[in-house]
Amino acid sequence: MNEADFGYKPNHKKRNYRPLVIWLTIIIDGLVVVLSGLPPVEGFDLFDVHILPMLNAIFNSFTFVFLLLALIFIMKKNIIWHKRFIYSAFVTTALFLISYVSYHYLSGDTSFGGEGIIRPIYFFILITHIVLAAVIVPLALASITRAWNMDVPRHRKIARWTMPLWLYVSLTGVIVYLMIRPYY
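Residues numbered from 1 in each chain as written. Predicted model: local features only at pLDDT ≥ 70, side-chain atom pairs only at ≥ 80, totals over all residues. Heavy atoms only, no water.

As recorded in an unreviewed UniProt entry, the chain goes by the name Membrane protein, listed as coming from Terribacillus saccharophilus.

Regarding the overall build of the chain
Each helix and strand in the chain was counted, giving five helices and zero strands. Secondary structure elements of the chain, listed N to C terminal, follow the sequence α-α-α-α-α. Dimensions of the chain along its principal axes, counting C-alpha atoms only, are 55 × 30 × 25 Å. Counting over 184 residues, the chain shows a buried share of 37%. (Helix = DSSP H or I, 4+ residues; strand = E, 2+ residues; numbered from the N terminus. Buried < 20%, exposed > 50% of the residue type's maximum accessible area, 1.4 Å probe, protein only.)

Remarks on the pattern of salt bridges
Enumeration according to the criterion identifies one salt bridge in this entry. The partner of Arg-154 in a salt bridge is Asp-151, and the shortest N-O contact between them spans 3.3 Å. Looking at Arg-154, the relative accessible area reads 39%, which means it is partly exposed. Exposure remark for Asp-151: the relative accessible area of 15% places this residue in the buried category. (Salt bridge = Lys/Arg side-chain N within 4 Å of Asp/Glu carboxyl O.)

Digging into the side chain of Ser-99
With respect to the secondary-structure elements, Ser-99 resides in helix H3 (residues 79–106). Excluding its chain neighbours within four sequence positions, the residues that come into contact with Ser-99 are Leu-52, Leu-55, Asn-56 and Phe-59. (Contact = heavy atoms within 4.5 Å.)

Points about the nonpolar core
Counting 15 residues, the largest nonpolar core has Leu-67, Ala-70, Ile-86, Ala-89, Met-163 and Trp-166 as the members making the most contacts within it. For this core, the elements supplying multiple residues, two or more each, are helix H2 (52–75), H3, helix H4 (118–148) and helix H5 (152–180). Per-element tally for this core: the top contributor is H4, with five residues. Not counting residues up to four positions away in its chain, the partners in contact with Ala-70 are His-82, Phe-85, Ile-86 and Met-163. Membership of the second largest hydrophobic core comes to seven residues, among which are Tyr-122, Ile-125, Val-176 and Ile-180. (Core = buried A, V, L, I, M, F, W, Y, C linked by side-chain atoms within 4.5 Å.)

Description of helix H1 (residues 18–37)
Look at H1: 29 Å from first C-alpha to last across 20 residues, which is about the 28 Å you get at 1.5 Å a residue. Listing the buried residues of H1 in full gives Val-21, Thr-25, Asp-29 and Leu-35. Looking at the buried side of H1, the elements it contacts are H3 and H4. (Expected span 1.5 Å × (residues − 1).)

Below, the structure is given as structure tokens:
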């Protein structure tokens, strides 16, 4: 596979997406950090906000499936379907982020009530999920902007890290939900 396979044109004008990647990373990760320190909104009763964590898990599930399909199609050298599933993963991740931020703004955090061996397992999964979720933001954005610039070698280089980490984050998001679900 070479640059022509990605639709590369020799006179393709490359854009500097680095400021966009930096600003979106600061905004997205910063918003999540700020929300974790705020008290929940009092008296919100337009709908039951406890449906949002289930939506988060659904969006994460779709992201995981879309990423797997994108990986399968790129391994088969089908660039068109690879792009379609990557874009789909970005959409479901954005929907997840909206739902996640809304839930934590309206409801706050939920404490895990499990005991015994399941407790350290849950916290290991949760902590690795949180840390890697913050890391995946700039990685995913850098991966897609390198693809937009037709910078195939650099896209491949970062995508080798982005894909497995993003798969892990989306899968562990579902696992965390299933583990904490009884305590909502």
